[in-house]
Structure formats: structure tokens, C-alpha cells
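These are the residues of each chain, in order.
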Amino acid sequence: MRPKKGKSIDERLCHILKSKLFDRLRDEQPENFQKVHAIAGDCSELGLGISEADLKRLQNVNIIYHSAASVRFDDDLRDAILMNTRGTYELIKIAETIKNLKVFMHVSTTYCYPNRHVVEEKIYPSYADWRTTIKLAETYDMESLNILNLKYSDFQPNTYTFTKSLSEQIIAEYKDRLPVVIFRPSIVVSSIEEPVPGWVDNFNGPIGMLVACGIGIFRTSCAEPNIISDFVPVDVVVRAMLIATYRKATEESDQENNELEVINCAASKICPITTGEVIEIGKRVIKETPFEKTLWVPDGSITRCPVWNFIRFATLQVLVAILVDFALRFTNTKPFLLKLQRRIYAATTALHLFVTTQWDFKNDNFYSLNACVSDIEVDKFGFLQFKDLDYDQFFRQGIRGARVFLLNEPATCSQGALTRMKIYKVLHFLIKLIGSVLILRWVGRLLYEKLYATLM
């Protein structure tokens, strides 16, 4: 863990452990907090920035979960390589020094190979040589590498998928020397039940989209509403990782036939749902239980037409943001909405490929994990029992989790929020009605003038 914003690693760890995420652990097994220790390091540095003393402390480690990465799609190529690709290599070198290592689990992503619409649980040919790529990042400056980015990365949609695919190549090279597993989650979303229903800690994925829609600042998106979105709840991911760890640690090693285990942790075949259905559920739930920070009625929709999406974005989001920010200046409040719209535009642009493309993730290895769970432990470690997931209830819990864990609002909406939503609905209806009348009048007058000119 890195020191950050003037806080030491111990202070940061203490802050993390005070999170609401661990409320249940605090109540049931508070003594287990004493088992958690942080060491200073930085995944973008050589040797991960770990001191010699801490490297010695790591010699008693049996299991490594390598999930550290920058998940930003717009990172500069050099930064993404040093963090995601070289960081993996540096940790592999440390793992080689640990004598009693049982499992090295590398957390990747099902979207490593976005140009393949069918992704099996195996390693695919590399887009580039990982050693050469690391050398380039260590040698050349950020601007030079950004110029070469698209060509060098074989026109990958972003630096994240490119550098994560290179990381998999590193793991593949070490499969005969280390007990490695590649674990590929798809889009990780809020929890079903563990540690609490609806737990979420970031605005990535559909929950962030639903929050922006619920606040009233996100009203259009260029996407394919009928594609099946591959969302996997975070507690399903964690359960599958624990089972995969157990299976790898207890299997008999065969040096002559050491197959690299790859697990696609994807759930679209278990319980499919389309992007359009997610949006409709979100709008309905948020209208029933609005956020305290809601600025307008949750509305808008998905369109397949980029031109129509741009027109709606310019008028319903950007123009409104300019007017609101202009009004805020008269109340001595710092304008924020236009800046937020820039971030929304950047995010939707980066995600365009992923909301207009449907992938088929083969995941027999993922399904087979559930067979390792005994009947008496299914409630704690099983995940296929969620195959009949009620998505209406699931996203209702996810929106509630976003309210509590992201927006720091009460778990239930206040009467004031419900009253404001009713007012917003009336105003929204009146604005649409007046706008429709004005447009009809303009069209009618235009037709009348043309007809009159024809008759004359």
C-alpha cells in the first residue's frame, strides 16, 4: 500500500478497516482485524517499491492474489504498462523467491481480447511482446508512446485491455515454475448478499450509470439496448476466487502436464439481462425511491443512432448544465455540472465498444468450481444457487447500496425527496407539453405557409 495524501500506510489501512464494508466482521469476529497487516509499496515501481525487510516478511506467504491494476480506460500508455504489465512481472519475480507458495492468482478481465467475440478459457496469441513493451515504457517518454499507442497495441479500444492482455502472457510464461491461475471476471457489480445486499464501492459499471440517471444528469447513451450485459455480482466473484484457490492449492501437481488454468468468471448464461432492461429497471426504482441529491426526473433512453445521441447530449445534458452552472454563479455556489458532463462524455466514449458489442464467454471451468462446494457449505461458498436471480430486486438493492456507500445518504429516501420528485414530474410534464405545442405550432405554420404559397 502507498502512502497517499499525507497519510501513512497504517493510517490508510485503519481508514479502510473502518469502512461500512466490515460492519458485520466488527460485530461477529472483531479479533480478526489483528490478522491484517500492510506493507509499503507501489505497483508502478521496480521491485514494487518493497523494502528488503518487508520482502523477508513475505517469505511466510502461501497465497498471492494479484488484483492491483489501474482500471482507467484513458490512462496514458506508459503509465498503464508500468502499472499493469510491469507490475505483474515484478510481483512474479517476488513470488519466485517464496518457497512455500501454494497459489498465485492473477485477476485479469474477460475483456482482455475485445476483438474476439467468443472468448474461451485459454490464452490467446499476444498483441505484442511483453518484454519489449516494458522496455519501451522504461525508455521513451509519455508523449512518444501515446503517438504509437493505436498502431502498437493493434488498435485496442483502450490501454487497460491491452496491458492486461500482456500481463496474461507473463503469467503463461511462468506456468511451469509457479502455481498460477488466471481469473477473469466480467463487469463486477454490487453484491447479492455478502457482506450486505447491494454493497458497492465505486461508480464503475451499470450502478454508476444508474446513479447518474437517477440524479437526472445522464439522459442519453449510444448503445445497443438488446445485447445481453455480462454483469457478475462482487460476492459471486469472491466466492469463485476462494473456491479456485482451494482447488489449486489441494490438487496434485504434475510437472509434465502443467496446464494453465484460466477461469472466465462471467454470469450472462446463468441469468441473462439486456442493457435496455437494466435502464428501465433503474428508472422505475429511482422514481419510486429517489436520491436526496436528485436534480431532475430520471428519464432519457438508449439510442442506436450516434447523431441523435449527440443532439440529445448537446441539448438535454450540456445546454442544461450550462444554464444550471450560470444560475449557480448568482448564488455564490461553485459551478460543477458542465465539468461533470465532460466526465460523463469521456466515460461513455470509452465504454462505447462495450455497450454496443456482445461477447460469448465460455466458462466451463467457472461452472465446475461450484462442484467443489459441499452441500453443507453451499450457503457460504456456492454461487450457482443465484442462477434465478431476481434482477428487479437485485438492482433495487444495488441502488440502495449506492445511496448508502457512494452518496452517503440514508438507506431509505426521505419524505422531502419524494415530494421533490412529485414536483419534478409535474414540471417535467409541463415542459414537455409546452415544447410539444410549440413544435406543433411551428410545423403547422410552416405547412400552412407552404400550402398558401402553392394555392396562390
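Throughout what follows, the structure given in this document is the object of discussion.

**Points about the packing of aromatic side chains**
Reasoning step 1: According to the stated counting rule, one finds 18 aromatic pairs in the structure shown.
Reasoning step 2: With centroids separated by 6.1 Å and ring planes inclined at 90°, the aromatic side chains of Tyr152 and Phe162 adopt a geometry described as edge-to-face. Here the residue Tyr152 occupies a position in helix H6 (residues 142-152), and Phe162 occupies one in helix H7 (residues 159-173), the gap between them amounting to 10 residues.
Reasoning step 3: For Tyr152, a relative accessible area of 26% gives the class partly exposed.
Reasoning step 4: Residue Phe162 is classed as buried on the basis of its relative accessible area, which comes to 0%.
Reasoning step 5: Ring centres of Phe231 and Phe395 lie 6.4 Å apart, and the angle between their planes is 80°; this geometry places the pair in the edge-to-face category. Within this pair, whereas Phe231 is found in strand E7 (residues 231-233), its partner Phe395 is found in helix H16 (residues 391-406), the two being separated by 164 residues in sequence. Each member of the pair Phe231 and Phe395 is classed as buried.
Reasoning step 6: Positioned above the aromatic ring of Tyr174 is the side chain of Arg177, whose terminal nitrogen or guanidinium carbon lies 4.1 Å from the ring centre.

**Points about the nonpolar core**
Reasoning step 1: Within the largest apolar cluster, 53 residues are counted, with the highest numbers of intra-cluster contacts made by Phe183, Phe366, Leu369, Tyr391 and Phe395.
Reasoning step 2: Once residues lying within four places of it in the same chain are set aside, the contact partners of Phe366 are Glu121, Val236, Ala240, Ile263, Asn264, Cys265, Ala266, Ile270 and Phe383.
Reasoning step 3: The next biggest cluster of nonpolar side chains, apart from the first, holds 42 residues, and it includes Ile81, Tyr113, Val119 and Trp130.

**Looking at a positive patch on the surface**
Reasoning step 1: On the surface, Arg2, Lys4, Lys5 and Lys7 cluster together into a patch of positive charge.
Reasoning step 2: With respect to the element layout, Lys5 can be found in the segment before helix H1 (9-17).

**Focus: the packing of helix H4 (residues 77-96) against helix H5 (residues 130-139)**
Reasoning step 1: Look at H4 against H5: their axes get within 9 Å of each other, and the N-to-C directions meet at 130°. Taken together, the axes of H4 and H5 lie oblique to each other. Crossing hand, H4 versus H5: left-handed. Within the contact between the two elements, H4 uses Arg78, Ile81, Leu82, Thr85, Arg86 and Tyr89 and H5 uses Trp130, Thr133, Ile134, Ala137 and Glu138.
Reasoning step 2: Among the residues forming the contact of H4 with H5, the class breakdown is six nonpolar, two polar and three charged.

**Remarks on unusual backbone geometry**
Reasoning step 1: For the bond from Glu194 to Pro195, the omega torsion is -5°, close enough to zero to count as cis.
Reasoning step 2: Topologically, Pro195 is positioned in the loop between strand E5 (187-189) and helix H8 (205-215).
Reasoning step 3: One non-glycine residue, Lys5, lies in the positive phi region at around 50°.

**With respect to the layout of surface pockets**
Any empty space left between the atoms is revealed when a probe the size of a water molecule rolls over them.
Reasoning step 1: There is about 810 Å³ of room inside the second largest pocket.
Reasoning step 2: What lines the second largest pocket is a set of 26 residues, and nearest its centre among them are Arg219, Trp296, Leu316, Val320 and His428.
Reasoning step 3: Mapped onto the lining of the second largest pocket, the elements with two or more residues apiece are helix H11 (306-329), helix H12 (337-350) and helix H17 (415-455).
Reasoning step 4: Tallying contributions element by element places H11 first for the lining of the second largest pocket, with 10 residues.

**A look at the sheet that holds strand E2 (residues 103-107)**
Reasoning step 1: Pairing is parallel across the open sheet formed by four strands, whose spatial order is E1-E2-E4-E8. The sheet is open, and its two borders are formed by strand E1 (63-66) and strand E8 (261-265), each paired with just one other strand. Neighbouring strand axes in the sheet, compared pairwise and without regard to direction, differ in orientation by 15° on average.
Reasoning step 2: Bridge count for E2 against strand E4 (residues 180-185) is four bridges, and the pairing is parallel.

So, how was this worked out
Residues numbered from 1 in each chain as written. Predicted model: local features only at pLDDT ≥ 70, side-chain atom pairs only at ≥ 80, totals over all residues. Heavy atoms only, no water. Phe/Tyr/Trp six-rings, centres within 6.5 Å; stacked < 30°, edge-to-face > 60°. Helix = DSSP H or I, 4+ residues; strand = E, 2+ residues; numbered from the N terminus. Buried < 20%, exposed > 50% of the residue type's maximum accessible area, 1.4 Å probe, protein only. Lys NZ or Arg CZ within 6 Å of the ring centre and 35° of its normal. Core = buried A, V, L, I, M, F, W, Y, C linked by side-chain atoms within 4.5 Å. Contact = heavy atoms within 4.5 Å. Patch = residues over 30% accessible without salt bridge, like charges linked within 9 Å, V, L, I, M, F, W, Y side chains within 5 Å. Areas by Shrake-Rupley, 256 points an atom, 1.4 Å probe, with all protein chains shown as cover. Salt bridge = Lys/Arg side-chain N within 4 Å of Asp/Glu carboxyl O. Lys, Arg positive; Asp, Glu negative; His and termini not counted. Charge placed at Lys NZ, Arg CZ, Asp CG, Glu CD. Axes fitted to C-alpha atoms, helices over the stretch in contact; angles between N-to-C directions. Parallel < 35°, antiparallel > 145°, perpendicular 65-115°, else oblique. Left-handed = near helix turned anticlockwise from the far one by under 90°. Nonpolar A, V, L, I, M, F, W, Y, C, P; charged D, E, K, R; others polar. 1 Å grid on protein atoms, 1.4 Å probe; cavity = no way out; pocket = protein on both sides within 12 Å on 5 of 7 lines; lining within 4 Å. Points joined across faces, edges and corners; volume = space filled by probe spheres on them. Pairing = 2+ DSSP bridges.

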